[in-house]
Each structure stands twice: as structure tokens, then as C-alpha cells.
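Each chain is listed here by its residues.
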Amino acid sequence: MVFDIVKKIFSVFISFAICFCIALLIFLIVLNNTMFNNSFAKETIKLSDYALKIKDEMQQEFTSLGSVSGFSPELFKTIVDNSELEMDIISSFKNLYEGKSQYKSEVFEFKLYNKLLKDSKSRGYVITNEIKSNLKYLASVCNDIYNSAISIPFYEQVSYLLQNGCKLCRLLILFTTVLTVIMLMILLIINIKNMRRFIRYCIYSISSCCLLLIIPLLLIYISKIIDRIAILDVALKSLIVIFLYGILIEFFIAILIIIIILVILVILYNNLFYNFNFKTKSYIKKL
């Protein structure tokens, strides 16, 4: 009798420990698939229209420079290609995740210089070495603005955190998975003679895990705290907001999978209960 009570108390303790381990495992897996995943960042860039917002900001500076230099503002509205800009931004993020140096465009300055040279010739200017030098300088200034726009703030610090965070996250996933399996095995051994009880404790663990995850996530979503992030740069704020909402959606998908597993366990538990009652009644009738 005392042994059964100890087994129950120990089983309850392990089931809650499993709950926290599963919650931590889900948290780490979602982070690994989102924050530490270059593909997720790439999709976020496309969804947030980050390139278009960056282009709008750049064009204002380019137009001002063009007007001062005697060029038509319309010319500077066509110097940035949307697809090329998006690819350069994606390359910048790729270097960030791979721990490489800050990406810089080598093509933009050359293309812009040729466009300015062609425009100057079409307006009847005699192209001297001085004009070429001035055009190169203007193209160089615009190139600096372009590279500054596609660069990532605090690049070295963010890259360092991503590299080390990714390694730590994967180690913790491995450790938490092994720990969860060990605890499940212990729970199974304790309740090996009563599979129904083992499933019941698993249901306790998973249902507690769902509550542990879904309550703070719902609070974050309902409060709209993500939308109120204090970032002045419109393009960067849009990117970060979409990025964080993407992580939130991944968490909800993970919770949905856990709920499906919970439903399967409940069905299995009820099936075992039905089979147990049916066999007991059959045995009583035989007696």
C-alpha cells in the first residue's frame, strides 16, 4: 500500500518534469527553425516587403544627390532594381548567419556609373577626364548609401550571437530530448503493469505543457506588444514585427501538433479503459 502511494507520488513528479522538458524542447525547436534559420529570415524579408521600403528610403537620398549634380530626378528613380536589391539584402543576411564579413555590393557602383555616363552623353556633354572623375565620385557616394541600406545594424554582435546561440540551441535540444526519453522510460517502468495509468500520466504531462505554452503566447498576441516595438526605422520595424509574428505562428503550429498527440492519447486511454471493462465483464460472466 505504501509502495503504491510512493509510486503514484513519484509518477506525478516525473510527469510534471516531463511537462517542463517538452515545453523547453518545443521552445528550442521553434527557435532553431526560426531565429537561427537563414531560410526563415529569407521568407520574412519577402513577406515584409523590406526591399521596397529600403528602396523608397534610398530613392529620396539619390534624388537629392541627382538634383544637386544636375541630373534628372527621374533617372535616379530607375537606378535601383527591386529583384537585385532583394537578392543583395538576402545575401547580407546569409553572410550574417554564416558568420562571414558584412556583404557589400560590387555591381551597383559600376552599373550606376555607366548609366550616369550614358545620360551625360545623351545630353550632349563632352566627356572629359574631370567629368568622368565627378561621375565616379557620385556613383561611389550612391554606392555607399546603397551598401549602408542593405547592411544590418550591429552586424558583428548579431552574427556572434547567432553563431553561438545556434550551437547552444542544438546542444540543448539533444540534451532535453535524451532527458525527456529517459524520464518517459522511468515512468513506463514504474507503471509497466498498468499501461492505462502510464498513458494517463502522459496526458497530464502534455496537457500541462499545452497550458504552459499557450497562456503566455495568447497574452503576447492579444496585447499586441509586438506591434508596439520602439524602432524608428520603418523598414527595420516592419521586418522585425513580421519576424516575431512568424515565430509566434510557429509556436501555435507546434502547440496544435501537441494537441493532436494529446487527442490520440485520450482516445487510446479510453480504448484501453473500454477493453479493460469488456474483459472484466466477460470474466465475471464466466465465473
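Up top is the structure.
The notes below deal with the structure included here. (Residues numbered from 1 in each chain as written. Predicted model: local features only at pLDDT ≥ 70, side-chain atom pairs only at ≥ 80, totals over all residues. Heavy atoms only, no water.)

**Structural notes on the overall build of the chain**
1) Next: When its secondary structure is counted, the chain shows ten helices and zero strands.
2) Next: The order of α-helices and β-strands along the chain, N terminus first, is α-α-α-α-α-α-α-α-α-α.
3) Next: A compact globule built from 287 residues should have a C-alpha radius of gyration of about 19 Å, whereas the chain, at 30 Å, is more than 25% larger.
4) Next: Referenced to the eigenvectors of the C-alpha coordinate spread, the extents of the chain come out at roughly 115 × 30 × 30 Å.
5) Next: Out of the 287 residues in the chain, the part that is buried amounts to 37%.
6) Next: Long-range pairs, those at least 24 residues apart, make up 81% of the contacts in the chain with a sequence separation of at least 6.
7) Next: Entry remark: accessible area of the chain is about 17800 Å², with carbon and sulfur atoms responsible for 68%.
8) Next: Between the mean site of the 30 positive side-chain charges and the mean site of the 21 negative ones, the chain shows a separation of 20 Å. (Helix = DSSP H or I, 4+ residues; strand = E, 2+ residues; numbered from the N terminus. Rg over C-alpha atoms; globule rule 2.2 N^0.38 Å. Buried < 20%, exposed > 50% of the residue type's maximum accessible area, 1.4 Å probe, protein only. Contact = heavy atoms within 4.5 Å. Areas by Shrake-Rupley, 256 points an atom, 1.4 Å probe, with all protein chains shown as cover. Lys, Arg positive; Asp, Glu negative; His and termini not counted. Charge placed at Lys NZ, Arg CZ, Asp CG, Glu CD.)

**Some words on the state of the cysteines**
1) Next: On inspection of all chains with the given rule, the structure shows zero disulfides.
2) Next: Of all cysteine sulfurs, the one in Cys-19 lies closest to Cys-21, which takes part in no disulfide; the gap is 9.1 Å.
3) Next: With no disulfide of its own, Cys-210 lies closest to Cys-209 among cysteine sulfurs, the gap being 5.7 Å.
4) Next: Relative accessible area serves as the criterion here: at 9%, Cys-210 is assigned to the buried category. (Disulfide = S-S within 2.5 Å.)

**Looking at a nonpolar patch on the surface**
1) Next: A cluster of nonpolar side chains, Phe-10, Phe-13, Leu-174, Val-178, Ile-182 and Ile-186, forms an exposed patch at the surface whose accessible area comes to about 570 Å².
2) Next: Elements supplying a minimum of two residues to the nonpolar patch: helix 1 (2-33) and helix 8 (155-190).
3) Next: The biggest single contributor to the nonpolar patch is helix 8, with four residues.
4) Next: Following the sequence through the fold, Phe-10 ends up in helix 1. (Patch = residues over 30% accessible without salt bridge, like charges linked within 9 Å, V, L, I, M, F, W, Y side chains within 5 Å. Salt bridge = Lys/Arg side-chain N within 4 Å of Asp/Glu carboxyl O.)

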